[in-house]
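Chain residues, written in single-letter form:
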There are 2 protein chains.
Amino acid sequence: MKRVEVLRRLAFEKRGFDGFLIVNEANLLYFTGFPGATCLLIPKAGESTIYVYGTNYEQAKAEGRGFNVELVKRGEKLMEKIAAQVKDFKIKKLAVDMLSFENYRNLAKGLRGETKLKAQNKLVWELRKVKDEKELELVRKAGELTSEGMKVAFEAVKPGVREYDVAAEIEYAMRRKGSWGTAFETIVASGVRSAFPHGGCTERKIQKGDLVVVDIGAAYQCYRSDMTRTIVAGKPSAKQKKICEIVRLAQEKAFQAVKPKARARDIDAVARKVIEDAGYGEYFVHGLGHGVGLEIHEPPTLSQESKDGLRTGNVVTIEPGIYIVGFGGIRIEDTVLVRRRKAEKFTKGPYALEAEW
Amino acid sequence: MKRVEVLRRLAFEKRGFDGFLIVNEANLLYFTGFPGATCLLIPKAGESTIYVYGTNYEQAKAEGRGFNVELVKRGEKLMEKIAAQVKDFKIKKLAVDMLSFENYRNLAKGLRGETKLKAQNKLVWELRKVKDEKELELVRKAGELTSEGMKVAFEAVKPGVREYDVAAEIEYAMRRKGSWGTAFETIVASGVRSAFPHGGCTERKIQKGDLVVVDIGAAYQCYRSDMTRTIVAGKPSAKQKKICEIVRLAQEKAFQAVKPKARARDIDAVARKVIEDAGYGEYFVHGLGHGVGLEIHEPPTLSQESKDGLRTGNVVTIEPGIYIVGFGGIRIEDTVLVRRRKAEKFTKGPYALEAEW
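Remember, it's a predicted structure, so these values are computed and weren't measured experimentally. (Residues numbered from 1 in each chain as written. Chains lettered and ligands numbered in written order. Predicted model: local features only at pLDDT ≥ 70, side-chain atom pairs only at ≥ 80, totals over all residues. Heavy atoms only, no water.)

Asks: Which parts of the structure should I look at to understand the overall build of chain A?
Replies: A tally of regular secondary structure across chain A gives ten helices and 19 strands. Its C-alpha radius of gyration of 23 Å places chain A within 12% of the 21 Å reference for a compact globule of 357 residues. Structurally, chain A occupies a C-alpha span of about 70 × 40 × 35 Å along its principal axes. Here chain A, with 357 residues, has 59% of them falling under the buried criterion. Across chain A, contacts joining residues at least 24 apart in sequence account for 65% of those joining residues at least 6 apart. For chain A, the exposed area adds up to about 15200 Å²; of that, 48% sits on carbon and sulfur atoms. (Helix = DSSP H or I, 4+ residues; strand = E, 2+ residues; numbered from the N terminus. Rg over C-alpha atoms; globule rule 2.2 N^0.38 Å. Buried < 20%, exposed > 50% of the residue type's maximum accessible area, 1.4 Å probe, protein only. Contact = heavy atoms within 4.5 Å. Areas by Shrake-Rupley, 256 points an atom, 1.4 Å probe, with all protein chains shown as cover.)

See below:
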């Protein structure tokens, strides 16, 4: 409810809206703490209402604390129902977080031009980008679980083992330690496939000397974390070691540069310069990182084009990589909290291609 | 490429479009077979083009067979780029599968009224609803893996064990047998939480006598499967057994009724009648089932409001349930293929609350 109050202040007092409609799943979770809401209507004058279908009605009544719960009955059209409620509340300027083109049209039709409708998802991101204490506790825990999974990855990667068997061991370990699931589809991309940043996880058998990019995340409650290490199945070659060291240095320097008020693009530039100076600039084919929280990819974005600035309470990944088709790929990634003094790593583990824990 | 040809025939020859823009992730996977495309433009006169960002460019060139691959460069605006290409192809009537309100506006702006834009996602669903042989092979395999997971669930559910530890054992078993991941977030909802259809999976310790709803799915390649059994931690009570038998009978009768040309709402009605006749109608709080394929919830929908008809090649779930707050919930679900003679179950396992395998 405190989060709803912050949104009210931002949207109603500072921007002149008198209603806010939330439909995005992660936003709903953020504001209601309940995973089964279909939408949430926050009127300036009146009680905030969660709309749920029959499937989740009993759960909403039990868990949707502090909100009025409205059942969307069989045959009722959701956008029509919302429009009627908006009229009842006499809302004249309604902010919405996100709507499909179809829902937008249906809602606008129901409102018959009597209420202005405006997309304001950026406003919600202003809130969600800065994690509160409760959120940080959950992301930190997710990071710990992820680090436990990575420990197992270093043990499981061996010649002859299939990519998905490595994933099995990692996910099992994370679950046993208390993970609520994976934050995204586990990546164990070996050999030629390691050169693809989103190489997935297949039935391929790992070969001796392969680079294996392991990109994993545990979820804790609904919060996520993200971590990558690259492991060699066997003894790393001189070239593998050399490139790993460049990526490691890029990651370390970028991490050192993370601080409140820094521009996200400048952090990207720090890592990119290390890789460019080493002569591998063209092989760093993606941005440096992204926000992490209820979703695995959130603002702020750390890339060359980013216009984001960093703030205390942002949680972001720092994940430079070098991908060379034919040779393979190396990526190193941690989930990091932006703080006043030094940034804090939520994921922890050695950076070498073979590791002693 | 065969699927693109079918879409061409439906959209261009039968409906007069001369271009189709695909942006939905699952649709992209369906048409390209490649998991990293950002969008796909199919012109009536010209080569179909996959648009990818730098991160996935090398992988697209290696795996996006039969398509032209276009790199979206740094700083390029995707919808502007698409608009320019639409003009080059002289497309006058462009179908799109799905667009956010924002992308719709940006695309329309880029097209400057010279091309008509029309949402045609239903057309894509007409194709995706009917699975081809290759798809059926993958969903069947996902069903086998899911059944293996359920076998383990019956062994793992015991008093004192945490919900997420049961999930750990299930997911590990599915992975070890070859699963590519979970089809959705595993549900292990015990005791009071079993009365919530989407009760999730928490750190709660299962108590003796608890009903435990286990709703799981393995993914194989990118295809999914869905299965629920309800297990009692200990010896089932007479009331638990009685309600389980009602749900089982509802599921069995609905399964028997599944055939091509049946109306989806009629299948729902078969199951609902069994539960209503037994006096539990008000506790069956959701529809009977949904399609399964690349996504876990797809058309056709089996519910009281559904306007869908069933066709050979549809894959759907049959999942009646009875949920009584304070007592708990029982749901039984299989993933089923609609076929000419008898429907085929892709998920298999006993229906009793305690099982001998």
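Following the structure, the description resumes.
Asks: Explain the sheet that holds strand 9 (residues 211-216) of chain B here, please?
Replies: Residue and element names in this part refer to chain B. Spatial strand order, 8-9-12: three strands in an open sheet with antiparallel pairing. Each edge of the open sheet carries a strand with a single partner, namely strand 8 (187-190) and strand 12 (227-232). Neighbouring strand axes in the sheet, compared pairwise and without regard to direction, differ in orientation by 15° on average. With four bridges connecting them, strand 8 and strand 9 associate as antiparallel partners. Considered in strand 9, the bridge of I187 is made with D215. (Pairing = 2+ DSSP bridges. Axes fitted to C-alpha atoms, helices over the stretch in contact; angles between N-to-C directions.)

Asks: I keep staring at the pattern of salt bridges and nothing clicks. Help me out?
Replies: Side-chain pairing between opposite charges can occur once the charged atoms of the two side chains come close. Residue and element names in this part refer to chain A. Counted under the stated rule, the structure contains 54 salt bridges over all chains. Salt-bridge contacts for K345 lead to E252; the nearest nitrogen and oxygen are separated by 3.8 Å. One end of the pair, K345, is in strand 19 (residues 344-345); the other, E252, is in helix 9 (residues 238-257), and 93 residues separate them in sequence. When its relative accessible area of 24% is taken as the criterion, E252 is described as partly exposed. Taken together, the shared-partner salt bridges in this structure form one network comprising R128, K131, E295 and E298. (Salt bridge = Lys/Arg side-chain N within 4 Å of Asp/Glu carboxyl O.)

Asks: Would you mind showing me how to read the relation of the copies chain A and chain B here?
Replies: One copy of the chain maps onto the second through a rotation around an axis plus a translation along that axis. Placing chain A over chain B gives an RMSD of 0.0 Å and needs a rotation angle of 180°, together with 0.0 Å of translation along the axis. What the rotation and shift describe, once combined, is the action of a two-fold rotation axis. In this assembly the copies share their binding face: 100% of the residues contributing to the interface of chain A also contribute to that of chain B. (Least-squares fit on C-alpha atoms with pLDDT ≥ 70 in both.)

Asks: Sorry, what's going on with the packing of helix 2 (residues 25-32) of chain B against helix 6 (residues 121-129) of chain B here?
Replies: Two quantities define a packed helix pair, namely the angle between the axes and the distance from one axis to the other. All names here are of chain B. Packing of helix 2 against helix 6 leaves a shortest axis separation of 12 Å and a crossing angle of 50°. In terms of orientation, helix 2 and helix 6 fall into the oblique class. Relative to helix 6, helix 2 is oriented so that their crossing is left-handed. Residue-level contacts link A26, N27, Y30 and F31 of helix 2 to N121, V124, L127 and R128 of helix 6. Across the contact of helix 2 with helix 6, the residue classes tally to five nonpolar, two polar and one charged. (Parallel < 35°, antiparallel > 145°, perpendicular 65-115°, else oblique. Left-handed = near helix turned anticlockwise from the far one by under 90°. Nonpolar A, V, L, I, M, F, W, Y, C, P; charged D, E, K, R; others polar.)

Asks: What exactly am I supposed to notice about the confidence of the model for chain A here?
Replies: Parts of the model with low pLDDT should not have their predicted coordinates read in detail. A residue-level look at chain A finds 99% of positions with pLDDT of 70 or above and a mean pLDDT of 95. Predicted complex metrics record ipTM = 0.91 and pTM = 0.94. (pLDDT = per-residue confidence, 0-100.)

Asks: Explain the sheet that holds strand 5 (residues 93-96) of chain A here, please?
Replies: Backbone-to-backbone hydrogen bonds join strands into a sheet, with any given pair of strands oriented parallel or antiparallel. Residue and element names in this part refer to chain A. Spatially, 4-3-2-1-5-6 is the arrangement adopted by the six strands of the open sheet, whose pairing is mixed. At either end of the open sheet lies a strand with only one pairing partner, and these are strand 4 (68-72) and strand 6 (116-119). Neighbour to neighbour, the strand axes of the sheet diverge by 20° on average, direction disregarded. The pairing of strand 1 (residues 19-22) with strand 5 spans three bridges and is classified as parallel. In the strand pairing of strand 5, G19 is matched with L94. The strands that helix 1 (residues 2-13) touches are strand 1 and strand 2 (39-43); relative to strand 2, the one it contacts most, it runs at about 60°.

Asks: Explain the nonpolar core here, please?
Replies: Soluble globular proteins tend to pack their nonpolar side chains together in the buried interior. Formed by 123 residues in total, the largest nonpolar core has its most connected members in F20(A) and F20(B). Ranked by size, the runner-up nonpolar core spans 38 residues in total, among them L21(A), A83(A), I91(B) and L107(B). (Core = buried A, V, L, I, M, F, W, Y, C linked by side-chain atoms within 4.5 Å.)

Asks: Looking at this model, I keep getting lost on the interface of chain A and chain B. Mind explaining?
Replies: For interface size, the figure often reported is the accessible area lost on association. Listed by partner, the interface residues are 41 residues for chain A and 41 residues for chain B. Taken over both partners, the interface formed by chain A and chain B buries close to 3700 Å², and the fraction arising from carbon and sulfur atoms is 53%. Where chain A meets chain B, there are ten salt bridges. With its nearest N and O atoms 3.3 Å apart, the salt bridge here joins R176(A) to D165(B). In this assembly, chain A and chain B are joined by 16 residue pairs in polar contact (both at pLDDT 80 or more). Ranked by the residues each element gives to the side of chain A that touches chain B, the list is headed by helix 8 (residues 163-177) of chain A, at nine residues. Here the side of chain A that touches chain B is built from residues that sort into 14 nonpolar, 14 polar and 13 charged. (Buried area = accessible area lost by both parts, 1.4 Å probe. Polar contact = N/O pair within 3.5 Å; in protein donor to acceptor, adjacent residues only side chain to side chain.)

Asks: Got a minute to help me understand the environment of R340(B) in this structure?
Replies: Residues and elements named next belong to chain B. If you trace the backbone, R340 turns up in the loop between strand 18 (334-337) and strand 19 (344-345). C-alpha of R340 to C-alpha of R311: the two residues are 29 residues apart in sequence and 8.8 Å apart in space. Setting aside chain neighbours within four positions, we find R340 in contact with P260 and T312.

Asks: It is not clear to me how a positive patch on the surface should be interpreted in this structure. Could you clarify?
Replies: A surface patch of positive charge is lined by K77(A), K109(A), K122(B), R265(B) and K307(B). Relative to the assigned elements, K109(A) resides in helix 5 (residues 101-111). Judged by relative accessible area, K109(A) falls into the exposed class, the value being 65%. (Patch = residues over 30% accessible without salt bridge, like charges linked within 9 Å, V, L, I, M, F, W, Y side chains within 5 Å. Lys, Arg positive; Asp, Glu negative; His and termini not counted. Charge placed at Lys NZ, Arg CZ, Asp CG, Glu CD.)

Asks: Sorry if this is basic, but what is going on with the pairing of strand 18 of chain B here?
Replies: It is a general feature of regular strands that their side chains alternate between the two faces of the sheet. Residues and elements named next belong to chain B. Residues of strand 18 alternate between two faces, with D334 and V336 on one and T335 and L337 on the opposite face, all of them buried. For strand 15 (residues 315-318) and strand 18, the ladder comprises four bridges, and the chain directions are antiparallel. Among the inter-strand pairings, V316 is bridged to a residue of strand 18, identified as V336. Here strand 18 runs beside strand 19; their pairing, made up of two bridges, is antiparallel. Across the sheet, residue V336 finds its bridge partner in strand 19, namely K345.

Asks: How do you make sense of helix 6 of chain B when you look at a structure like this?
Replies: Residue pairs spaced three or four apart in an α-helix point in one direction, given the helix's 3.6 residues per turn. Burial analysis of helix 6 of chain B places seven of its nine residues in the buried class, the great majority of the element. Residues of helix 6 of chain B that are buried include every one of N121(B), L123(B), V124(B), W125(B), L127(B), R128(B) and K129(B), and no others.

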